[in-house]
Amino acid sequence: MEKLLNFEDGQVAKLKKLASSERVDITVVVCTYNRAATLEKALESIADSLMSPSVTWEVLVVDNNSSDETSQVVEKFCGAFPGRFRYLFEAKQGLSAARNAGIQDAHADIIAFTDDDVAVEPTWLQNLVEPLLSKTYAASGGRIFPKWSSAPPAWLPIHARYGLAPLTVFDLGTTALDLTEPPVGANMAFRKSLFATYGDFRTDLGRRPGTLIGDEEIDFGNRLLGGGELLRYVPSAVVHHPVQENRLTKEYFLSWWFDKGRADIMLDGVPKTRWRVRGVPLFFLRRLAAWTARWMFAVTPAQRFSNKIKTWSLAGMIVQCYSQSAEINHGTSRECEQE
């Protein structure tokens, strides 16, 4: 049953009645934290999804300790669409913990994920899961378009391969193909059995209040690719992700890329090399100096900021290398003291 915590008894009982335990073909998991207003719009777009009558599906909203009206928003959808929407409360903070709770509670053999602030196209779900329903593929991912509320600033490297990554954008073109890289969290689907085989999303990665560290879906997708699983890119499965004004700042982009650098080291480990300074590979320091020079002498605003992003990402890697080395050395010192 759902982990319905921290609510009045009457509300808990009401939400429990709205839950269904019947098996379905697809579970759409939407994790949310204090975004009641955008969540309502996202659920409205999901509710309008077109699906073959022969395919059964549900939407499971995982509330990750929200203090706003999230539970009331979900309750409204549960009442309007009996058996379609369900509510789950997850007390352990963090996006990975919320996703793992959704996986555990999903009633379906196929699990699709999207965000709590998106607008999905009516054919999004049926197109995203088609490769999985056909039994050919283990996972799939679709396109994520930015929904601009204002013109992109001149400093934004909009044409760079990963220039818009902090805004949750994913677009490999209009041709369906087999993926050689993991799909992005706002638009991805997996067979539930994969999580039993390859494990859940890492909880040391993934968004939590106070940190932008992510890469949990990259880690899981790489595990699948490393295991020889087939992943499909479905360009007709389209999600529109709003560009929030508070994210369209240099400060946010630099913080995102700094934490991305940290996450990359957490994911791949510190590169092996004999030349290190306090646990930091010497070539990282040389790269940092090179990119700092490129940043300082670039001509156009977009190129200058693109180089600055690389500088900040390398700084994040260096900080994480030093941190992990310090933890290892501290652990070794404690072992020596105990001996």
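Residues numbered from 1 in each chain as written. Predicted model: local features only at pLDDT ≥ 70, side-chain atom pairs only at ≥ 80, totals over all residues. Heavy atoms only, no water.

Enquirer: Lay out helix α7 (residues 216-226) with the relevant residues and their values.
Expert: Residues spaced three or four apart along an α-helix face the same direction, because each turn holds 3.6 residues. If you check which residues of α7 are buried, you get E216, E217, D219, F220, G221 and L224. Where α7 is buried, its residues meet α4 (95-105), β6 (139-147), β8 (188-191), α6 (193-198), β9 (231-242) and α8 (250-268). Note on α7: the residue one or two positions beyond its end, G228, has a positive phi of about 85 degrees. (Buried < 20%, exposed > 50% of the residue type's maximum accessible area, 1.4 Å probe, protein only. Helix = DSSP H or I, 4+ residues; strand = E, 2+ residues; numbered from the N terminus. Contact = heavy atoms within 4.5 Å.)

Enquirer: Explain unusual backbone geometry to me, and be specific about the residues and the numbers.
Expert: Although it is not a glycine, K135 adopts a positive phi angle of roughly 70 degrees. Relative to the helices and strands, K135 is located in the loop between α5 (124-133) and β6. Note on K135: relative accessible area 66%, which makes it exposed. In this model, R278 sits at a positive phi of 50 degrees, which is unusual for a non-glycine residue. Looking at where R278 falls in the secondary structure, it is placed in the loop between β10 (276-277) and β11 (280-281).

Enquirer: Quick rundown of the environment of W257? Include the residues and the values.
Expert: Within the secondary structure, W257 sits in helix α8. Residues W257 and I309, spaced 52 residues apart in sequence, show a C-alpha to C-alpha distance of 6.4 Å. Excluding anything up to four places from it in sequence, W257 contacts Y162, A165, P166, I309, W312 and S313.

Enquirer: Explain the side chain of H241 to me, and be specific about the residues and the numbers.
Expert: Relative to the helices and strands, H241 resides in strand β9. Side-chain polar atoms of H241 contact the side chain of D115, separated by 3.4 Å. The contact partners of H241, leaving out residues within four places of it in the chain, are D115, D117, V118, I144, F145, P146, K147, L167, T168, A186 and R247. (Polar contact = N/O pair within 3.5 Å; in protein donor to acceptor, adjacent residues only side chain to side chain.)

Enquirer: So what's going on with the pairing of β8? Which residues, and what values?
Expert: Neither face of β8 is open: one carries M188 and F190, the other A189 and R191, and all of them are buried. Pairing between strand β4 (residues 108-114) and β8: 4 bridges, direction antiparallel. Of the residues in β8, the one forming a bridge with A112 is A189. In the sheet, β6 pairs with β8 via 3 bridges, with the strands oriented antiparallel. (Pairing = 2+ DSSP bridges.)

Enquirer: Can you lay out the environment of L230 for me, pointing to particular residues and giving the numbers?
Expert: Its location among the elements puts L230 in the loop between α7 and β9. Sequence-distant contacts of L230, that is, excluding residues within four places in its chain, are made with T136, Y137, A138, A139 and D178.

Enquirer: Can you explain the nonpolar core? Please cite residues and give values.
Expert: Ranked by internal contacts, the top residues of the largest apolar core, which has 33 residues, are I26, V28, L43, V59, W124 and L125. Elements supplying a minimum of two residues to this core: β1 (24-32), α2 (36-47), β2 (57-63), α3 (70-80), β3 (85-89), β4, α5 and β9. In this structure, C31, A98, I111 and M188 belong to the second largest nonpolar core, which totals 28 residues. (Core = buried A, V, L, I, M, F, W, Y, C linked by side-chain atoms within 4.5 Å.)

Enquirer: Describe the packing of α2 against α3, listing the residues and the values that go with them.
Expert: For the pair α2 and α3, interaxial distance at closest approach is 9 Å and the crossing angle is 20 degrees. Our classification of the angle between α2 and α3 gives roughly parallel. Taken as a pair, α2 and α3 cross one another with a handedness that is right-handed. Across the interface between the two elements, A36, L39, E40, L43 and E44 from α2 touch T70, V73, V74, K76 and F77 from α3. In terms of residue class, the contact of α2 with α3 is built from 6 nonpolar, 1 polar and 3 charged. (Axes fitted to C-alpha atoms, helices over the stretch in contact; angles between N-to-C directions. Parallel < 35°, antiparallel > 145°, perpendicular 65-115°, else oblique. Left-handed = near helix turned anticlockwise from the far one by under 90°. Nonpolar A, V, L, I, M, F, W, Y, C, P; charged D, E, K, R; others polar.)

Note that every value here comes from positions in space, so none of it alone points to a role or purpose.
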